[in-house]
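# What the coordinates show
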Amino acid sequence: MTTKILFPKGAAFICILAACFALSACEKVVSIDLNQASPHLVIDGIVTDQQGPYSVKLSLSGNYFEPSLYFPPVSNALVILTDDQGQRDTLKEAESGTYLSTRLQGIAGRTYSLSVISDGKEYDGSSSMPPKVFIDSLYAIPRTGFGGESGYDIYVMFRDPPELGNYYRINARSSAPIPADSIDGRRYRLFTDKLTNGNEMAERIRAGRNVNPGDTITVELLSIDKAAYDYYSTLQDILSSDRSATSLSPANPITNLSNGPLGYFAAFTVDTKRIVLK
Amino acid sequence: MNQAFLKIIASGFLFYALLVPLIAQERFTLSGIVKNAETGEALIGANIVAKELKGVGTSSNAYGFYSITLAQGEHTLLVQFLGFRVKEDTIVLQGDRTLNFELTPEPIKLNEVVVTGERSDKNVTSTEMGSNKLEIREVQSIPVLLGERDIMKTIQLFPGVKSAGEGSTGFYARGGGIDQNLIVLDEAPVYNSSHLLGFLSVFNSDAIKDVKVMTGGIPAEYGGRLSSVLDIRTNDGNMKDFGGTGGIGLLASHLTFEGPLVKDQGSFIISARRTYADLFLILSRDTTVNRASLYFYDLNVKTNYTLGEKDRIFVSGYFGRDNFNYPNTFGFNWGNATATARWNHIFGDHLFSNTSFIFSNYEYGNTVGAGTSEFQITSGIQDLNFKTDFQYFTSSQSTVKFGINSIYHTFMPGSVTAGSTSFTNSLALERRFALENAAYVSHELEPLSGLKVNYGLRFSLFTLLGPGHTYDYDASGNALDTMSYAAGAKIQTYSNLEPRISANVILDETSSIKASYTRTAQYLHLLSNSTTTNPSDLWVPSSNNVKPQTADQYAIGFFRNFNNNEFEASLELYYKDMRNLIDYRNGADLQLNPAVESLLLYGKGWSYGAELLIRKRYGAISGWLGYTLSKTEEQFALINNGNPFPARQDRTHDISVVAIYDYSSIWTFSATWVYNTGNAVTFPSGNYLIDGRLVPYYTERNGYRMPAYHRLDVSATWTLGPRSNLSFSIYNVYDRMNPYAISFRQDPNDPNKTQAVQTTFFPFIPSVTYNFKF
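## Considerations on the overall build of chain A
Secondary structure summary: chain A contains four helices and 16 strands in total. Buried positions account for 40% of the 278 residues belonging to chain A.

Now the structure itself:
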């Protein structure tokens, strides 16, 4: 279990205090002048134990307040995936900036390496795909939370392997047309077996508003390596705004890629199960 | 350089400490205690001046003791202390004698010309620099958040002392970090001085007698922290009558009861305080919310007894606890407990000693979850502290202080206890043990008329002791090697010689130039992964990986009083160099981490600035104006590409104005206004898309500034009678929306856009407090 989730930091408490003292925190949108950093290469690459192809996306960073989700794709790069058993795959650019594997298959226990050559520079990284951990079962119980808000607690049951050093990420999404506020597929839960090594686990995820009886919840349990955990965890640090308010100076997530690009390369296993809410 | 310094010290002692008293043969010593005539409380820093001999005088120490050596014959002595009637006494010295003075508190006189002789010129004549004393009357009158008086917030209004955040009791002293302040309560160091996550300090202002903050020219008797000393002394208890005071506020209520154990010989004081925000939670209909708890309490107990003329003992205790609990989700509780026994002994007429035995314990606990996910985390630090200090009044122009201090620290970095049905394993991180020793000597003298010098040396010695394991790490924080140590084995030893010098050249009766040099060393470090003071912040010892922090500070100042000491002014310039500062690797997870040292980065910092203070202590209108212009930077090899960056506590401009107006015997008004440059912060300079999300791109550490902070607070105290008053205050009168934080998020109306959102916690807040005496 990661302490980052278990220890609500200052901001959360200040909110509680503020509520208790009837001091309502006041939020307002302000305009701030930000510098414009020159465009920087972003590498987003993954390999899983699922059926390929696997994608590596290359793009450039943009201006912060630019009202667009368009980031210039980086074309004509040489992208190669290899594993420690001699598999080698030169990826094909399927659409601009998106490179897909042609034959390589991800297998738990192997170490994968990514090499990207773009604009005369080479960027390398490697990731080991941990042994697969399977979800034994899911169960959901209705919950009444703070202030009477309703929802479900969904427990993900699995057994942590006996050796220390397992890192997990859980993704969950609902079939509801409006994404549930706390499992909308973009948030995820990260934890380690630091305090729970070798145990039978019941990891709780919360489904809040917009989840109703009859909805199907899809849960994915990802077994990731330490580098991927460090990346996702430092990514979460800067994405959760309630934490960034009181956290130390934010910094770019810890990448496992050489030569200073943004982004990461990760190899992980995925186990998926579904549950229908009653 | 150190050898030369030692020689100077040695020769100084030989000459002044030994020869001077021998030469002056027909001189005698008068010594005793200066007390408040109404309560018997010892008065700290009262001046005792020989009226006929210009410039000959002394002042009472932290226990009220004074000693003055004068020629045989008749002398007129003036004993003065702010807020008390001046005592004039004619004595005939035919031999050494003991004489206690009792001063009578003076009711505030309005529109009356105060006799000029009563005003102290200490601002100009003492060797103190970067030092400010807070009058308790000021603490009681200055408006504060929610009407809850707090010395930790009031001292932040002095130049050189800057608030660590709105509503916070934490402070930065001359560019130093929050953990670089030595906070001493009746000789005992306090590790976590905050309640309610830093919104209030643990010091109940009902019980406080004297507060002094020193950010430069720190005397040799203080050590262990880099940047400042906050020395707090509490009341000893009324020696004459039983009585009490109390207050009822919006946030907390407090009650103090005191009285004699044996009249004029012994007394006690008990003060207690509790918040009651949680009492409102009971009103909630939600069965979870109304079982939640949210409170803190403090209990101070102190007794003292005078055993004859030469001995006095004090036994005191502090117990405070914070509790937050939200059923089945989380609970937090933390607290300090200290027990202190002190013994004052006076050897002859010249030598005063105080010996203290101190036990202190800081403990933090956290309960998370319920049932299968329930577990408890605890961490803490425990000290056994022995300290003995001597003050030798060799003549009226010369005082020698020396002493030793030894602290045995036990660090409990964290343990986890799982609930009986929990899926969590129990775990305990290895405890760490350390012995922190120090010895010091300092000498204040006036070698020439108009020149005062205070020079001293502190030697500190820190040893990390077994049992335990140590790790060596490579540059990226990977463990290379492990060593195992037996109980009591020396794992790592550090020592530092810390010279402290300050000098005062008195130019004329109203002005002087002072200069000082201070070296300090710090062996304990606070690890915190947040900008607020968190109870879970971890104190760690210096070790094979963590080097002691050290600092050199140079300061020079011009001091001048105006209008017969009615106005005191000073302008100080300082430069401070700090080494082995600590920062963290990105994503550092400090809690329950056996390899926490692998997450640390070490660098250096420097700070320089100018501080102006104009203060008026006397008359119907009193207060001060402080202005600081400063710069603080840090440099770490692995942060910001190794380039220097502004420290979080870097504030270019910092202004505070404090005014207290005694309008009539019924009404007192006060106001404070503060302004400071916004904190240095890190904002993104671009963004990108990864994992399906928009992610900010950071290019430099602390490259941006928060908007400037400013605020006006006012308060009015309505005296209902001799025994009660009502205090009304308004925080943030003009409702300035000062940002507590600025964060960035996707625009809820247009997911393709990002917006900056400012959070303000403290708008216009009125409050009222009822205070009473019985």
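Next, the rest of the story.
## Observations concerning the overall build of chain B
Of the regular secondary structure elements, chain B holds four helices and 51 strands. On C-alpha atoms alone, chain B measures out to a radius of gyration of 27 Å, which is about the 28 Å that the 2.2 N^0.38 rule sets for 774 residues. Expressed as lengths along the three principal axes of its C-alpha atoms, the size of chain B is roughly 90 × 60 × 50 Å. Per-residue burial for chain B yields a buried fraction of 47% across its 774 residues. Put simply, of all contacts in chain B between residues at least 6 apart along the chain, 63% involve residues at least 24 apart.

## Side note on the sheet that holds strand β13 (residues 188-189) of chain B
Residues and elements named next belong to chain B. Pairing in this open sheet of five strands is mixed, and the strands run β9-β16-β17-β12-β13 from one edge to the other. Of all strands in the sheet, those bounded by a partner on one side alone are β9 (131-134) and β13. Pairing geometry for β9 and strand β16 (residues 208-214), over four bridges, is antiparallel. Bridge pairing links N132 to V213 in β16.

## Structural notes on the pairing of strand β9 (residues 121-128) of chain A
All names here are of chain A. Strand direction decides the pairing type here: strand β8 (residues 111-118) and β9, joined by eight bridges, are antiparallel. Note that in β9 the partner of V116 across the bridge is Y123. In sequence, β8 turns back onto β9 through a hairpin of two residues, with D119 there showing a positive phi of about 55°.

## Describing the nonpolar core
Ranked by size, the top nonpolar core spans 60 residues in total, and within it I43(A), I154(A), L221(A), I224(A), A228(A) and A266(A) carry the most contacts. Looking at this core element by element, the count peaks at eight residues for helix α3 (residues 226-239) of chain A. When neighbours within four sequence positions are excluded, I43(A) is seen to be in contact with V56(A), L58(A), V116(A), Y123(A), L257(A), P261(A), G263(A) and F265(A). Core analysis: the second largest hydrophobic core is formed by 47 residues, M152(B), I155(B), Y172(B) and A188(B) among them.

## Focus: the sheet that holds strand β49 (residues 741-747) of chain B
Hydrogen bonds between backbone atoms are what pair the strands of a sheet, whose relative direction is either parallel or antiparallel. The antiparallel open sheet is built from three strands, whose spatial order is β1(A)-β50(B)-β49(B). For this open sheet the edge positions go to β1 (26-30) of chain A together with β49 of chain B, each flanked by a neighbour on one side alone. Strand after strand, the sheet turns through a mean of 35° between neighbouring axes, direction not considered. Two elements, β1(A) and strand β50 (residues 750-760) of chain B, share five bridges in a ladder whose sense is antiparallel. By the bridge assignment for β50(B), C26(A) is matched with T760(B).

## Looking at α3(A)
All names here are of chain A. In this model, α3 (14 residues) spans 20 Å end to end at C-alpha, consistent with the 20 Å of a helix rising 1.5 Å per residue. For α3, the tally of buried residues reaches 12 of 14 residues, placing the bulk of the element in the interior. Buried residues of α3: A227, A228, Y229, D230, Y231, Y232, S233, T234, L235, Q236, I238 and L239, and no others.

## A look at the environment of P763(B)
Within the secondary structure, P763(B) is located in the loop between β50 and β51 (765-773). C-alpha separation for the pair P763(B) and S449(B), spaced 314 residues apart in sequence, amounts to 54 Å. Excluding residues that lie within four positions of it along the chain, P763(B) makes contacts with C26(A), N732(B) and D735(B).

## Describing the confidence of the model for chain B
All names here are of chain B. When pLDDT is averaged along chain B, the result is 87; 90% of the residues meet or exceed 70. Every residue in residues 14-22 is under pLDDT 50, and counting partners more than four places away or in other chains gives 11 contacts. Taken together, the stretch residues 110-117 has pLDDT below 50 and engages in eight contacts with residues farther than four places along the chain or on a different chain.

Rules and cut-offs
Residues numbered from 1 in each chain as written. Chains lettered and ligands numbered in written order. Predicted model: local features only at pLDDT ≥ 70, side-chain atom pairs only at ≥ 80, totals over all residues. Helix = DSSP H or I, 4+ residues; strand = E, 2+ residues; numbered from the N terminus. Buried ≥ 20, exposed ≤ 12 C-beta atoms within 10 Å, placed from the backbone. Rg over C-alpha atoms; globule rule 2.2 N^0.38 Å. Contact = placed C-beta atoms within 7 Å. Pairing = 2+ DSSP bridges. Core = buried A, V, L, I, M, F, W, Y, C linked by C-beta atoms within 7 Å. Axes fitted to C-alpha atoms, helices over the stretch in contact; angles between N-to-C directions. Expected span 1.5 Å × (residues − 1). pLDDT = per-residue confidence, 0-100.

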